[in-house]
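# Structural description and commentary
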Amino acid sequence: MTDAREVRALLDDRPNLEPALESLLETDEAHETWTFDDTGLDSGTFGELVSEGVVEKVDGEYRLADPDAVERALAGEVGTEAGGAGVSLSLPSVEIDRRVAGALAGALVLVFAFRVLAFDAIFRGGRVVLSGNDPYYYLYWTEELSRQSNGILDLSALTAGSFGLLKGEPLLVAVLWVVTELAGGIEQAPLVLAWYPVVAGVLSGVFVYLFATGLTDDRRVGIASVVMLAVMPVLAYRSALGYPDHHAFDYVWLAMTAAAAVRLVRTPATRAAVTRGRTAAWAAVMGVAIAGQLLAWDAGPLLLFPFVLYVPLAGLVAVDRGDSPTLTLAPLGAGFAVAGLLIGGVHLALDWQTTVVASAPLFLLAGTAGVAAVGEAIRRVDELPVSRARALAAVEAVGVLVVFGLLSTVLSTYGDRLFGELGRIGTRQGIVEGNSLFAADTFGWLFLFGLLLFLGIPYMGWALVRATRGEERHGWLLAGVYAWFFLVLATFQMRFAGELSHFLAVFAGLGFVHVAERVDLARAPMPFREAQPVRGDGGDREPAFELPAPRDAVALLFLFLLVSGLSIAQAPVKANQITTDDRSYQTAVWIDGYAEQEGLTYPENYVFTPWGENRMYNYFVSGESESYGYAFENYQAFAASARPDVWYERLRDRVGFVVFVRSGGDEATIYNRLTGAFGSRYKEYNGSGHYRAVHITESHQVHQLVPGANVTGRLTDASDPSANATVYLQTQNDISGYTNPYVRRAFTDDDGRYHVRVAYPGEYEVILPDSNATTTVTVPESSVENGERVDAGTLDTTDASGTTSGNQSRLGRPTYQVNPS
């Protein structure tokens, strides 16, 4: 076979032969003829290339029949040739297998379907209600960029000091802002943010397919991997409609980085033009992906840590096999170099991310160069007291100690950031995602992955075993390192379960195809074949992908449901768990309407809530959803305190409304006093005159902070008990259909005077319990809102009985009741 078109046709049918031909090009350039042992190929692959005429036998040895034809075929240059000079005059041809394209499209549709399970919870009455708490942070900044800028050509907003994400997630918000502007402006921001995770999820599926096929050379494994990715519960909410956290954006760059890297490590740099071109292309893709990863999240360097583990291990593998560490690691080094140039340029131009984050690719490049240089030097030494692999391992161990020493001294700025981030792993208390994936009280491994975790883990282990033998060691080593690294991280914090899922999906997909082969429902996946079979009748080669017969299709579906049924059942559960509770949303809408009616502006309309919903409330009421820090630091202590008036002084200039989720309790806390009796005297505990209930539902209660009216009065000074007496003020409230007596208690001084603050306007009855004396006083709305003094006049105590309890029965019970009307 000496025609480039014929070689290309062979590769289209058998894409797994490309790495073998690329390797043979390097061997053919180095030797005029060579033996089978020089190739490093398995006998099945080599025999097929000989039988197809790509390799020819000469004087007992071998050579490529036409190296130029092979090179053009690998480059896709298979058009008309001019003058026999081997110069291609046509553009590269691209052929698409319709069956593969259709299957991949179907798998991506499945990814889409499992990302929109909570559609009704996101779109409510013409409004977009995002899930969770943090998404409103990104919505706030997307809208803020739209307000600050004059369109997408105005980049000043992305560099302004007021852009709070310069050192956090600048690329994510910048992309969301650009799409928002293209979609029609700030009004479209909620819609853009709602759909972005779904788009990111589908893109991640594409890169997972590229990663799987680049690793296994099996398109069936690629399709199966995307299907497994689709049904994983952890991604049903991490990249779900209406959950625009930064995670979904990070997953795209992570999967893109891995897809490019696995091709780079399986295609060592050679002198062949086609290999150089292919390496340059994937290095560019990897560089863009790494730069995007670092610009998308300030903790992005953590997602590059698998390379820190892979590079020294790959150097050991290369030296052990007698390969050149330089040629082995050069493609990755090229990717790091591209990433360094890109993120360095953005960092200098826009001041995005810290220098520590922006320098990560350069540190990786330096480490890669160091391993390659040391490995190359050891490889060229004639005699060593130990094996070359052990010698390199010893040098690498010393290098690790030196690096840690430098990070602690000379490069302390970088070291402090690195050690600080590593120290946070496993220490985030009070947040669910900070728990271990295998915590006994959460069963995260079961609810986030179902049984797919146990399908994938054995093949993750097999990948590391495969990395110690065979011809494609580096690809399996990289994939195994990625998967096991994120499994370890998820063991400490389940927030990394999403990153793990992308690699677990590939190994679960490989496992599914392998199990299907073991029960005679499919051909063996490529990695499990020693030789690539052809049809015995001399016909066409076995197709890369084919639809199963109807009976086999039913059996495959049953097998799929068996291994993923629990995941499929859990996916909608997880997707709906993070959606905003309708009662909380309706409460936020009510506060918004009330605040607008009263003409309240920020911070008068700031809503004080548990931190997990704080951004949602404040976005709908004031739009100020940048931070939940104040609620995180103060709300729990406030609700558990027994000193409501002291807390009022702390909150008065910062808080407009307080929201409680009603659950009941007997302790003398602010929470129980306000939810149990609307701030009235409660079970012998004093109430408060600063928290006015304005909205009550079966589940929620809203109080507005008010100065309260200062009601003052005096008793007549006829003998006792005008001095040091107890006086009660009482009114009846009707709030949202709930009625309750509001009672405040005051004590008179030696002159018979008393004063007490009340939070509600209306007519109050002034009662002296051990007397028949009563009077009334009307408290106007303005007095409550402005903290004004209201004179209750003089209460005549001349009819005081002294020993009877004439007015005790007039005091209302401090418990709420539903108004029957």
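Residues numbered from 1 in each chain as written. Predicted model: local features only at pLDDT ≥ 70, side-chain atom pairs only at ≥ 80, totals over all residues. Heavy atoms only, no water.

### Remarks on the overall build of the protein chain
Going by this rule: Going along the chain from the N terminus, every DSSP run of H or I of four or more residues is numbered as a helix, and every run of E of two or more is numbered as a strand. In this description, contact between two residues means that some pair of their heavy atoms is separated by no more than 4.5 Å.
Helices and strands together make up the secondary structure of the protein chain, namely 31 helices and 18 strands. Considering only intrachain contacts with a sequence separation of at least 6, the fraction spanning at least 24 residues in the protein chain is 72%.

### Points about the pairing of strand β12 (residues 726–735)
Using the following cut-off: The buried label goes to any residue with under 20% of its type's maximum accessible area, the exposed label to any with over 50%, and the partly exposed label to all in between, with areas taken from a 1.4 Å probe on protein chains only. Criterion used throughout: strands pair if DSSP finds at least two bridges between them.
For β12, the tally of buried residues reaches seven of ten residues, placing the bulk of the element in the interior. In this sheet, strand β13 (residues 738–747) lies alongside β12 in antiparallel orientation, the contact comprising ten bridges. By the bridge assignment, Ile735 is partnered in β13 with Tyr738. Taken together, β12 and the strand that follows it, β13, pair antiparallel across an intervening segment of two residues, in which Ser736 is found at a positive phi of about 55°. Pairing geometry for β12 and strand β15 (residues 762–767), over three bridges, is antiparallel. In the sheet register, Gln730 faces β15, and the bridge partner there is Glu765.

### As for unusual backbone geometry
Geometrically, the link from Tyr602 to Pro603 is a cis peptide bond, its omega value of 5° lying close to zero. Non-glycine residue Ser736 carries a positive phi angle of around 55°. Relative to the assigned elements, Ser736 resides in the loop between β12 and β13. The class for Ser736 is partly exposed, based on a relative accessible area of 39%.

### Let's talk about the sheet that holds strand β9 (residues 691–696)
One open sheet accounts for four strands, arranged β7-β8-β10-β9; its pairing is mixed. With partners counted over all chains shown, the strands left at the sheet margins are β7 (607–608) and β9, one partner each. Here two bridges tie β7 to strand β8 (residues 657–661), and the two strands are oriented parallel to one another. Across the sheet, residue Phe608 finds its bridge partner in β8, namely Val658.

### Structural notes on the nonpolar core
Using the following cut-off: Among buried residues, those of type Ala, Val, Leu, Ile, Met, Phe, Trp, Tyr and Cys that are joined through side-chain atoms within 4.5 Å constitute a nonpolar core.
With 164 residues, the main nonpolar core has Phe211, Met286, Phe307, Leu332, Leu437, Phe449 and Phe486 as its most contacted residues. Residue contributions to this core peak at 15 residues, all from helix α12 (residues 246–265). Setting aside its immediate chain neighbours within four residues, Met286 contacts Thr257, Ala260, Ala261, Leu264, Phe307, Leu332, Gly335 and Phe336. Ranked by size, the runner-up nonpolar core spans 29 residues in total, among them Val727, Leu768, Ala792 and Leu795.

### A few points about the packing of aromatic side chains
What counts here: Two aromatic rings, drawn from Phe, Tyr or Trp (for Trp, its six-membered ring), form a pair once their centres lie within 6.5 Å of each other, and the interplanar angle then sorts them: stacked below 30 degrees, edge-to-face above 60, tilted otherwise.
Scanning the model with the defined rule gives 43 aromatic pairs in all. For the ring pair Phe119 and Phe123, a centre distance of 4.8 Å and an interplane angle of 45° mean the geometry is tilted. On the accessibility criterion, Phe119 (39% relative accessible area) is partly exposed. Ring centres of Tyr585 and Phe620 lie 5.4 Å apart, and the angle between their planes is 70°; this geometry places the pair in the edge-to-face category. Here Tyr585, found in helix α26 (residues 582–598), pairs with Phe620, found in helix α27 (residues 611–621); they are 35 residues apart in sequence, far enough to count as distant.

### A closer look at the sheet that holds strand β14 (residues 753–758)
Put simply, the test is: To obtain each axis, a line is fitted to C-alpha atoms, and for helices this fit is confined to the stretch in contact; angles are then taken between N-to-C directions over 0 to 180 degrees.
Across the sheet, three strands lie side by side as β14-β11-β17; this open sheet has mixed pairing. One side of each edge strand has no neighbouring strand; the edge strands of this open sheet are β14 and β17 (789–795). The sheet shows a mean angle of 20° between the axes of neighbouring strands, taken without regard to direction.

### Thoughts on the packing of helix α22 (residues 452–466) against helix α24 (residues 497–518)
Note the following rule: The scheme is simple: roughly parallel for angles under 35 degrees, roughly antiparallel for over 145, roughly perpendicular for 65 to 115, oblique for anything else. Three classes are used: nonpolar for Ala, Val, Leu, Ile, Met, Phe, Trp, Tyr, Cys and Pro, charged for Asp, Glu, Lys and Arg, and polar for all others, with Gly counted as polar.
Interhelical geometry of α22 versus α24 gives an angle of 90° and a closest axis separation of 7 Å. Considering their axes alone, α22 and α24 lie roughly perpendicular with respect to each other. Seen from α22, the contacting residues are Leu452, Leu453, Leu455, Gly456, Ile457, Tyr459, Met460, Trp462 and Ala463; seen from α24, they are Leu504, Phe507, Ala508, Leu510, Gly511, Phe512, His514 and Val515. When grouped by side-chain class, the residues that make up the contact of α22 with α24 number 14 nonpolar, three polar and no charged.

### Overview of the side chain of Ser239
Inclusion rule: Here a polar contact is taken to be a pair of N or O atoms separated by no more than 3.5 Å, where protein atoms must pair a possible hydrogen donor with a possible acceptor and residues adjacent in sequence count only if both atoms sit in side chains.
Turning to its location among the elements, Ser239 is positioned in the loop between α11 (233–238) and α12. Its relative accessible area of 3% is what places Ser239 among the buried residues. A polar side-chain atom of Ser239 sits 2.7 Å from a polar atom in the side chain of Arg115. Residues contacting Ser239, with those up to four places away along its chain left out, are Arg115, Pro197, Val198, Gly201 and Ala248.

### A word on the environment of Tyr482
Note on placement: Tyr482 falls in helix α23 (residues 473–492). Along the primary structure Tyr482 and Glu499 are separated by 17 residues, whereas in three dimensions their C-alpha atoms are 9.4 Å apart. Aside from chain neighbours lying at most four places away, what touches Tyr482 is Leu254, Thr257, Ala258, Leu303, Pro306, Phe307 and Phe503.

### Focus: a nonpolar patch on the surface
As a reminder of what qualifies: Like charges within 9 Å and nonpolar side chains (Val, Leu, Ile, Met, Phe, Trp, Tyr) within 5 Å are joined into patches, using only residues over 30% in relative accessible area that form no salt bridge. Areas reported as accessible are Shrake-Rupley estimates using a 1.4 Å probe. Residue values count occlusion only from the protein chains shown. Every case where a carboxyl oxygen of Asp or Glu lies within 4 Å of a side-chain nitrogen of Lys or Arg is listed as a salt bridge.
A surface patch of nonpolar side chains, amounting to about 240 Å² of accessible area, comprises Val398, Val402 and Leu406. Here Leu406 is to be found in helix α19 (residues 388–408).

### Observations regarding the confidence of the model for the protein chain
Put simply, the test is: On a scale of 0 to 100, pLDDT captures the predictor's confidence in every residue.
For the protein chain, mean pLDDT is 85; residues scoring 70 or higher make up 87% of the total. Below pLDDT 50 for its whole length, residues 801–805 participates in six contacts with residues either more than four positions away or in separate chains. Confidence drops under pLDDT 50 across residues 814–821; counting only partners more than four residues distant or on other chains, this segment forms 26 contacts.

### A look at helix α28 (residues 629–640)
Residues separated by three or four positions in an α-helix point in the same direction, a consequence of the helix having 3.6 residues per turn. Definition in use: When we speak of the arc, we mean the arc of directions from the helix axis to the C-beta atoms.
All buried positions along α28 are accounted for by Tyr630, Ala631, Asn634, Tyr635, Phe638 and Ala639. Around the axis of α28, the buried residues are gathered within 125° of arc, so they sit on the same side. Of the exposed residues in α28, the ones pointing more than 90 degrees away from its buried face are Glu633, Gln636 and Ala640. Contact partners of the buried residues in α28: β7, α27, α29 (644–651), β8, α30 (670–677) and β9.

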